[in-house]
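# Examination of the molecular architecture
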Amino acid sequence: MKEPLCTAGLERTSEPGPEEGRNADGPRTLYVGPVQLGLVGLGRMGFNMRERLRAGGHDVVGYDRDPELSDAGSLADLVDKLGTPRTVWIMVPSGEPTRKTVEELAGLLADGDLVIEGGNSRHTDDLMHAETLAARGIGYLDCGVSGGVWGRENGYGLMVGGDAEHVERAMPIFDALRPEGPREEGFAHAGSVGAGHFAKMVHNGIEYGLMQAYAEGYELLTAAGAVTDVPAVLKAWTRGTVVRSWLLDLLVRALDADPGLSGIRGYVEDSGEGRWTVEEAINHRVPAPVITSALFARFASRQDDSPAMKAVAALRQQFGGHAVHEAGPTSGAGEVQ
């Protein structure tokens, strides 16, 4: 086993500092210096996070089922490579894969260790994960992570839920992952366990609405015919306008590569957070028409021929004798009757 690095390799000070290191109860212990971290899951996000942390001077031991990416042969091997007290960050798909990983780590880690769950788990799952680990004296933080494939270069926006003591212990990791600049502009201790993933869920719901608004504007510009250079108009919006944003920059980038988006089918998946946001809006009686409509638009994108619209067409024909398009052998409109 390696010499402990997770907290034993850190300098400890009790200086409160003018902005950081002070709380309502007075000075607190600060951890300064490189740390050691186990990182489970080296996909698109996890791999880039490992590289950003290493570039920040931290010792990261990664585990992935792909042996070409992994630094350890198994989860048990990863745990054995870490000095105590250990910190392990999970970056695997939400749901069953995360639950199984938490349960396996509960049997491998020990009292005083810490698990950070950085995937897109539902906030209610965090309570179960924390309970499973607490039974063995293992701490738990949930961390919503935003930044996508660009996070390695630009940094990640982080929203964390859990005890302040655990957040403080992991702060060198969070500081290395977040963007440059003031901590509060890229990191938030959102509240107790579950708060980090709840905040990330709402973030993703907002993202649904923003993307849908840009998409509808793009379609209207292309449909009207008055605008002959739609990509140029969108690019002109990226500076000075009230609708400029990183998402708009990415749409411009996509149109630079494929001006008509001819290589992409209009079929959009959803990964869960949009649905959860709408469900929570219903639970809390919060009107969320934009996010809800954006989610439903994704459902509509997956239908080649809508049963609901068939029913509407049939009803219009029944009550008003309106023409309908007969179903043909292809996905086309068919004959009008």
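Look a little higher up for the structure.
Below: a short report on this structure. (Residues numbered from 1 in each chain as written. Predicted model: local features only at pLDDT ≥ 70, side-chain atom pairs only at ≥ 80, totals over all residues. Heavy atoms only, no water.)

### Let's talk about the pairing of strand β6 (residues 59-63)
Residues in a regular strand project their side chains so that they alternate between the two faces of the sheet. Most of β6 sits out of view: four of its five residues are buried. As paired elements, strand β5 (residues 36-40) and β6 share five bridges and run parallel to each other. When the sheet's bridge partners are listed, Gly 38 is paired in β6 with Val 61. Once the chain exits β5 it traverses helix α1 (residues 44-55) before rejoining the sheet at β6, and the crossover so formed is right-handed. (Buried < 20%, exposed > 50% of the residue type's maximum accessible area, 1.4 Å probe, protein only. Helix = DSSP H or I, 4+ residues; strand = E, 2+ residues; numbered from the N terminus. Pairing = 2+ DSSP bridges. Right-handed = clockwise from strand over helix to strand, strands pointing away.)

### A closer look at helix α12 (residues 289-301)
For α12, which comprises 13 residues, the first-to-last C-alpha distance of 18 Å matches the rise-based estimate of 18 Å (1.5 Å per residue) to within 8%. Inspection of α12 places Ile 291, Thr 292, Ala 294, Leu 295, Arg 298 and Ser 301 among the buried residues, and these make up the whole buried set. Where α12 is buried, its residues contact α8 (195-224) and α11 (273-283). (Expected span 1.5 Å × (residues − 1). Contact = heavy atoms within 4.5 Å.)

### Things to note about the nonpolar core
One recurring pattern in soluble globular proteins is that nonpolar side chains are buried together. Residues Trp 89, Ile 116, Leu 141, Cys 143, Leu 158, Phe 174 and Leu 177 are the most contacted members of the largest nonpolar core, which totals 25 residues. Of all the secondary structure elements, the ones that give two or more residues to this core are β5, α1, β8 (114-117), β9 (139-146), β10 (157-161) and α7 (171-177). Looking at this core, the element that brings in the most residues is α7, giving five residues. With sequence-adjacent residues up to four places away left out, Phe 174 is seen in contact with Trp 89, Ile 116, Leu 141, Cys 143, Leu 158, Val 160, Val 167 and Phe 187. Counting 20 residues, the second-largest nonpolar core is a separate cluster that includes Val 61, Ala 72, Leu 78 and Leu 105. (Core = buried A, V, L, I, M, F, W, Y, C linked by side-chain atoms within 4.5 Å.)

### Digging into the side chain of Arg 122
One can find Arg 122 in the loop between β8 and α4 (123-134). Under the relative-accessibility criterion, Arg 122 is labelled buried at 19%. When sequence neighbours within four positions are dropped, the list of residues in contact with Arg 122 reads Trp 276, Glu 279 and Glu 280.

### Topic: the pairing of strand β7 (residues 87-90)
Alternating positions in β7 separate into two faces, Thr 87 and Trp 89 on one and Val 88 and Ile 90 on the other, with burial throughout. As judged from the three bridges shared by β5 and β7, these two strands associate in the parallel manner. Counted as the bridge partner of Gly 38 is Val 88 from β7. With four bridges joining them, β7 and β8 adopt parallel strand pairing. Residue Val 88 lies in a different strand from β8, and its bridge partner there is Val 115. Between β7 and its parallel partner β8, the chain crosses via helix α3 (residues 96-108), and the hand of that crossover is right-handed.

### A short note on the side chain of Gln 36
Positionally, Gln 36 belongs in strand β5. Side-chain polar atoms of Gln 36 contact the backbone oxygen of Lys 81, separated by 3.4 Å. For Gln 36, the side chain forms a polar contact with the main-chain nitrogen of Gly 83, separated by 2.7 Å. (Polar contact = N/O pair within 3.5 Å; in protein donor to acceptor, adjacent residues only side chain to side chain.)

### Quick word on the packing of aromatic side chains
One pass over the full model with this rule turns up three aromatic pairs. Feature note: the residues Trp 89, Phe 174 and Phe 187 constitute an aromatic cluster, connected by ring pairs. Over the ring of Tyr 208 we find Arg 298; its NZ or CZ atom is 3.6 Å from the centre of that ring. (Phe/Tyr/Trp six-rings, centres within 6.5 Å; stacked < 30°, edge-to-face > 60°. Lys NZ or Arg CZ within 6 Å of the ring centre and 35° of its normal.)

### As for the pattern of salt bridges
Applying the stated criterion across every chain, the model contains 15 salt bridges. Residue Arg 99 is joined to Glu 103 by a salt bridge in which the shortest nitrogen-to-oxygen separation is 2.6 Å. Residue Arg 99 and its partner Glu 103 are both found in helix α3; the two are separated by four residues, about one turn of the helix. Since its relative accessible area comes to 31%, Arg 99 is described here as partly exposed. Each of Arg 50, Glu 51, Arg 54 and Asp 71 takes part in one network of salt bridges that share partners. (Salt bridge = Lys/Arg side-chain N within 4 Å of Asp/Glu carboxyl O.)

### Topic: the packing of α8 against α12
Relative orientation and spacing of two packed helices are given, respectively, by the angle between their axes and the distance between those axes. Following both chains from N to C, one finds α8 and α12 inclined at 70 degrees, their axes separated by 8 Å at the closest point. Compared by their axis directions, α8 and α12 come out roughly perpendicular. Across from Gly 205, Ile 206, Tyr 208, Gly 209, Met 211 and Gln 212 in α8, the residues of α12 making contact are Val 290, Ile 291, Ala 294, Leu 295, Ala 297 and Arg 298. Residue classes in the contact of α8 with α12 are distributed as eight nonpolar, three polar and one charged. (Axes fitted to C-alpha atoms, helices over the stretch in contact; angles between N-to-C directions. Parallel < 35°, antiparallel > 145°, perpendicular 65-115°, else oblique. Nonpolar A, V, L, I, M, F, W, Y, C, P; charged D, E, K, R; others polar.)

### Considering unusual backbone geometry
Residue Pro 85 is reached from Thr 84 by a cis peptide bond, and omega for that bond is -10 degrees. For Pro 85, the position within the fold is in the loop between α2 (75-81) and β7. Here the phi dihedral of Leu 261 falls at roughly 50 degrees; this positive angle occurs in a residue that is not glycine. Within the element layout of this structure, Leu 261 appears in the loop between α10 (246-257) and α11. Here the phi dihedral of Arg 285 falls at roughly 55 degrees; this positive angle occurs in a residue that is not glycine. With a relative accessible area of 75%, Arg 285 lands in the exposed category.

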